Each structure stands twice: as C-alpha cells, then as structure tokens.
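A structural walkthrough
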Amino acid sequence: GIEGCGGPSGPTAPARSPLAPPVSGPLDAGVFHGEVVALGCYLRQGAKGEAHRACAEACLKQGMPAGLLESSGKVLLLLPPASGKGPDLSALAARRCEVRGSLLNRAGMYALEAASVTLLPEPPGPPAGPGKVLPLPGGAPKIPPSSDKD
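About the thresholds
Residues numbered from 1 in each chain as written. Predicted model: local features only at pLDDT ≥ 70, side-chain atom pairs only at ≥ 80, totals over all residues. Heavy atoms only, no water. Pairing = 2+ DSSP bridges. Helix = DSSP H or I, 4+ residues; strand = E, 2+ residues; numbered from the N terminus. Disulfide = S-S within 2.5 Å. Buried < 20%, exposed > 50% of the residue type's maximum accessible area, 1.4 Å probe, protein only. Polar contact = N/O pair within 3.5 Å; in protein donor to acceptor, adjacent residues only side chain to side chain. Contact = heavy atoms within 4.5 Å. Salt bridge = Lys/Arg side-chain N within 4 Å of Asp/Glu carboxyl O. Arc of directions from axis to C-beta.

**Observations concerning the pairing of strand S4 (residues 96–106)**
Within a regular strand, side chains alternate between the sheet's two faces. Of the strand pairs in this sheet, S4 and strand S5 (residues 109–119) are connected by 10 bridges, and their pairing is antiparallel. In the sheet register, Asn-105 faces S5, and the bridge partner there is Tyr-110. Count of turn residues in the S4/S5 antiparallel hairpin: two residues, of which Ala-107 carries a positive phi of about 55°.

**Thoughts on the state of the cysteines**
As used here, a disulfide is simply a covalent bond connecting the sulfur atoms of two cysteines. All chains considered together, the criterion is met by zero disulfides. Of all cysteine sulfurs in the structure, the one in Cys-59 sits closest to Cys-41, which takes part in no disulfide; the separation is 3.7 Å. With a relative accessible area of 7%, Cys-41 lands in the buried category. No disulfide involves Cys-55; its sulfur sits 3.9 Å from that of Cys-59, the nearest cysteine. Given the relative accessible area of 37%, Cys-55 is considered partly exposed.

**Quick notes on the side chain of Arg-53**
Mapped onto the fold, Arg-53 is located in helix H2 (residues 53–61). Taking the relative accessible area as the measure of exposure, Arg-53 reaches 13% and is therefore buried. A distance of 3.1 Å separates the side chain of Arg-53 from the backbone oxygen of Ala-94, its partner in a polar contact. In this structure, Arg-53 is in contact with Ala-93, Ala-94, Arg-95 and Glu-122, ignoring residues within four places of it in sequence.

**With respect to the pattern of salt bridges**
Counted according to the given criterion, the structure contains two salt bridges. Among the ionic pairs, Glu-50 bridges to Arg-53, the shortest N-O distance being 2.9 Å. On the accessibility criterion, Glu-50 (55% relative accessible area) is exposed. Arg-100 is the salt-bridge partner of Glu-98, the closest N and O atoms lying 3.2 Å from each other.

**Description of the environment of Gly-49**
Among the secondary structure elements, Gly-49 is positioned in the loop between helix H1 (39–45) and H2. The spatial distance from the C-alpha of Gly-49 to the C-alpha of Ala-94 is 5.0 Å, given a sequence separation of 45 residues.

**Topic: the side chain of Ser-90**
As for its position among the elements, Ser-90 is in the loop between strand S3 (75–79) and S4. A distance of 2.6 Å separates polar atoms of two side chains, one belonging to Ser-90 and the other to Asp-88. The residues touching Ser-90, leaving out its near neighbours within four places in the chain, are Glu-57, Leu-60 and Lys-61.

**Let's talk about H2**
Within the span of H2, buried status applies to Arg-53, Ala-56, Cys-59 and Leu-60. Looking down the long axis of H2, one finds its buried residues gathered within 130° of arc, a one-sided arrangement. Pointing more than 90 degrees away from the buried face of H2 are the exposed residues Ala-54 and Lys-61. Remark: Gly-63 follows H2 within two positions and exhibits a positive phi of approximately 105°.

See below:
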C-alpha cells in the first residue's frame, strides 16, 4: 500500500448534531451496487454508460480515479484495499457491479474501500420491437348496458 495510508486516523464520534462537521474515518462495511465510472469524465461531463465505456476503460487504465455511481445518483470514490492489491477496475468500466467493502469519510468526501468487486448481470433490455396487440378469442368482450333501476 501507499506509505501512511490504509488505517483509521482517529476516533469517531458516535453521534453528531446536524450542524457538526461529518464524522471522519471508517463508517460501515457493506454491500454497494452501481456503475463503475471514470470520475474525471463523470464529474466534468456526466459521462457514463455503454456509450462511454471505451473512454472510461482508457482513462482508468491511465490512472484516473474510479467511482461507483449508485442508482440514487450518489457517487463514491473507489479505493483499493489497504494492501494496495485491488481488482483492475478498467475492465469493469461502465458496468453494473456489486462492491463489498468499507465506507470511509473524510471532511465530507465519501469513499468505498473495495474488498471485492463482482460484475452483475445486465438488466433485461426493452423488447426488440414494438409490442403486438393480440385479439381476444371470440372478439372484443361484450359489456352489458348499465341499468339504472337499483
């Protein structure tokens, strides 16, 4: 790992007032889902998704930081484990992944120290063509006239 990185750097307060600065240091470990994005491209241009995959792969291979874009719109900086040996995130650019790890916060910036990253299956896409309306057997249903004799 990088000299001096990888561990908590002080105690965290268990509770805080709404006006207090964010709690710093390790928060919760958990499972997070989202799209792996190249942070520079996403922050500058909102670039994401399949249309940006090739660019994101190239940027991540050149060392641009990666992020996890959650479905809520929140973006977390992705960090390798403290050991420094993490997955090649460039191969996961613009893909939906499950990341298991520890959520970190320092001065309001959130990061996810990724212990493991798993590629998720792509969601089913829309049908190949427009939907087809099928006729009902026996034609349209007969609706009896309403009777106002109640």
